[in-house]
Amino acid sequence: MGVLTIAGRIVLVVLNIILIIVSLLLIVFGFILKFGNEIVRPYIKETLESIENAAKNVYSDSDFNTEAFDIGAMLSDLTVVMIVVGVALLAFSFVGCCSACCNISTLALVYAIVLIVLLLAQVILVILVYAAPGLLKDNLNKGLDKTFDKYEGLKSKTTTSVGWNWAMQYYDCCGGRSYKDFENKGTWKVNDATGQSFVLLTPVACCKALPGDGAGIDDCAGDTDNAAFDTIAEISANSNAEKGCTEAIFKKVITDNNVGFLTVIGIFFACQIALIIFAMLIFKDRGITGGLV
């Protein structure tokens, strides 16, 4: 066995151990998001409290709270993906370790082939993120469309409503694409105007700053019966009506962190290429130990 192959086996083991740790973290975080609502809640507490205070002041409801909000239910699909990907990565990394530690050439070949396929899929995904972000955003928006029928407004305690209220306040946005996502959807228009004579243009949660009382609603959420606030243009200074959450989240997570994002991707791709090369070296040296095994 050549020196390069021995070095390759060591690199394979080390990198796969790192991947095993990453996969375990992914699984743990997935379970925390799914079932550890009390653990996650402190990190989103500030925005939830501002929503609670606004609902209490605007609707004179001193008993209003968001205690029933379950972030695990809101991010259910994401947590399942995290756990499944974590388990798959754990199994895959274990196979990589075994092929290197035990010098199993056939296993190393299978490992390399699967890794090549995964690497190509990742390259395509990265290209889509940067070359055709609109395609990804459109698919995400289509997935969000089903939630707007369940939206009940600022003073609702349902997970869907509180989730949207939190997202729109935290990311300073409105709906997936814009306020138009809420048009003729859900019961927010009636609920948000409770006790007032307003016919709102947008949910109150789309306001840049949540109103301190009922009188401040029309200034940022509009009122079709008031000539001073009956168009989006007239409330735009105080509303995020035309700023979609999909675009806002994409900007905050990816666009604003391009350097760090691309650096991590570059390192990750380099590690995978190294894994492929060294796995192929193990397979190449099979003739020394004999057979495919």
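The rules behind each value
Residues numbered from 1 in each chain as written. Predicted model: local features only at pLDDT ≥ 70, side-chain atom pairs only at ≥ 80, totals over all residues. Heavy atoms only, no water. Axes fitted to C-alpha atoms, helices over the stretch in contact; angles between N-to-C directions. Helix = DSSP H or I, 4+ residues; strand = E, 2+ residues; numbered from the N terminus. Parallel < 35°, antiparallel > 145°, perpendicular 65-115°, else oblique. Left-handed = near helix turned anticlockwise from the far one by under 90°. Contact = heavy atoms within 4.5 Å. Nonpolar A, V, L, I, M, F, W, Y, C, P; charged D, E, K, R; others polar. Salt bridge = Lys/Arg side-chain N within 4 Å of Asp/Glu carboxyl O. Buried < 20%, exposed > 50% of the residue type's maximum accessible area, 1.4 Å probe, protein only. Expected span 1.5 Å × (residues − 1). Phe/Tyr/Trp six-rings, centres within 6.5 Å; stacked < 30°, edge-to-face > 60°. Lys NZ or Arg CZ within 6 Å of the ring centre and 35° of its normal.

Colleague: Is there a simple way to think about the packing of helix H4 (residues 76-101) against helix H5 (residues 105-131) in this case?
Modeller: The description of two packed helices rests on the angle between their axes and on the distance between the axes. The contact between H4 and H5 brings their axes to 9 Å, and the two run at 140 degrees. With respect to each other, H4 and H5 are oriented oblique. For the element pair H4 and H5, the recorded crossing hand is left-handed. Across the interface between the two elements, Phe92, Val95, Gly96, Cys98 and Ser99 from H4 touch Leu107, Ala108, Tyr111, Val114, Leu115 and Leu118 from H5. When its residues are assigned to classes, the contact of H4 with H5 shows 9 nonpolar, 2 polar and no charged.

Colleague: In this structure, what is going on with the pattern of salt bridges? I would like to understand it.
Modeller: For side chains of opposite charge, pairing can occur when their charged atoms come near one another. Taken as a whole and assessed by the stated rule, the structure comprises 6 salt bridges. Of the charged contacts, one joins Glu247 and Lys137 as a salt bridge, the two residues approaching to 2.6 Å between their closest N and O atoms. Linking Glu247 in helix H11 (residues 245-253) with Lys137 in helix H6 (residues 133-144), this pair joins segments that are 110 residues apart in sequence. The closest approach of N and O atoms between Asp145 and Arg177, which form a salt bridge, is 2.9 Å. You can see Asp145 sitting in the loop between H6 and helix H7 (159-170) and its partner Arg177 sitting in the loop between H7 and helix H8 (188-192), a full 32 residues away along the chain. For Asp145, a relative accessible area of 25% puts it in the partly exposed group. It is possible to trace a salt-bridge network through shared partners that takes in Asp145, Arg177 and Asp181.

Colleague: I tried to follow the packing of H6 against H11 on my own but got confused; where do I start?
Modeller: Running from amino to carboxyl end, H6 crosses H11 at an angle of 130 degrees, the nearest separation of the two axes being 10 Å. Overall, the two elements H6 and H11 adopt an arrangement that is oblique. As for the relative orientation of H6 and H11, their crossing is right-handed in sense. Contact residues: Pro133, Lys137, Leu140, Asn141 and Leu144 in H6; Thr246, Glu247 and Phe250 in H11.

Colleague: Explain unusual backbone geometry to me, please; I cannot follow it from the model alone.
Modeller: Unlike most non-glycine residues, Asn103 shows phi in positive territory, near 55 degrees. Counting through the fold element by element, Asn103 comes out in the loop between H4 and H5. Residue classification places Asn103 among the buried residues on the basis of a relative accessible area of 14%. Even without being a glycine, Asp172 presents a positive backbone phi close to 55 degrees. Residue position: Asp172 is located in the loop between H7 and H8.

Colleague: For this particular structure, what's the right way to read H7?
Modeller: For an α-helix, 3.6 residues make a turn, and residues three or four places apart therefore share a direction. Taking 1.5 Å as the rise per residue, H7 with 12 residues should run 16 Å; its terminal C-alpha atoms sit 16 Å apart, in good agreement. With 9 of 12 residues buried, H7 is to be regarded as a mostly interior element. Within H7, burial applies to Ser161, Val162, Gly163, Trp164, Asn165, Trp166, Ala167, Met168 and Gln169. The inward-facing, buried residues of H7 contact helix H2 (37-59), helix H3 (71-74), H6 and H11. Count one or two residues on from H7 and you reach Asp172, which has phi positive near 55 degrees.

Colleague: Can you help me understand the packing of aromatic side chains in this one?
Modeller: Under the defined criterion, the tally for this structure stands at 11 aromatic pairs. With centroids separated by 4.9 Å and ring planes inclined at 50 degrees, the aromatic side chains of Tyr151 and Phe182 adopt a geometry described as tilted. Within this pair, whereas Tyr151 is found in the loop between H6 and H7, its partner Phe182 is found in the loop between H7 and H8, the two being separated by 31 residues in sequence. Ring geometry for Tyr170 and Tyr171: centres 4.9 Å apart, planes at 85 degrees, overall edge-to-face. Look at Tyr170 and you get partly exposed, because its relative accessible area is 41%. Taking the relative accessible area as the measure of exposure, Tyr171 reaches 18% and is therefore buried. Clustering of aromatic rings is evident, with ring pairs tying together Phe148, Tyr151, Trp164, Phe182 and Trp188. One Lys or Arg, Lys155, reaches over the ring of Tyr59 and ends 5.3 Å from the middle of that ring.

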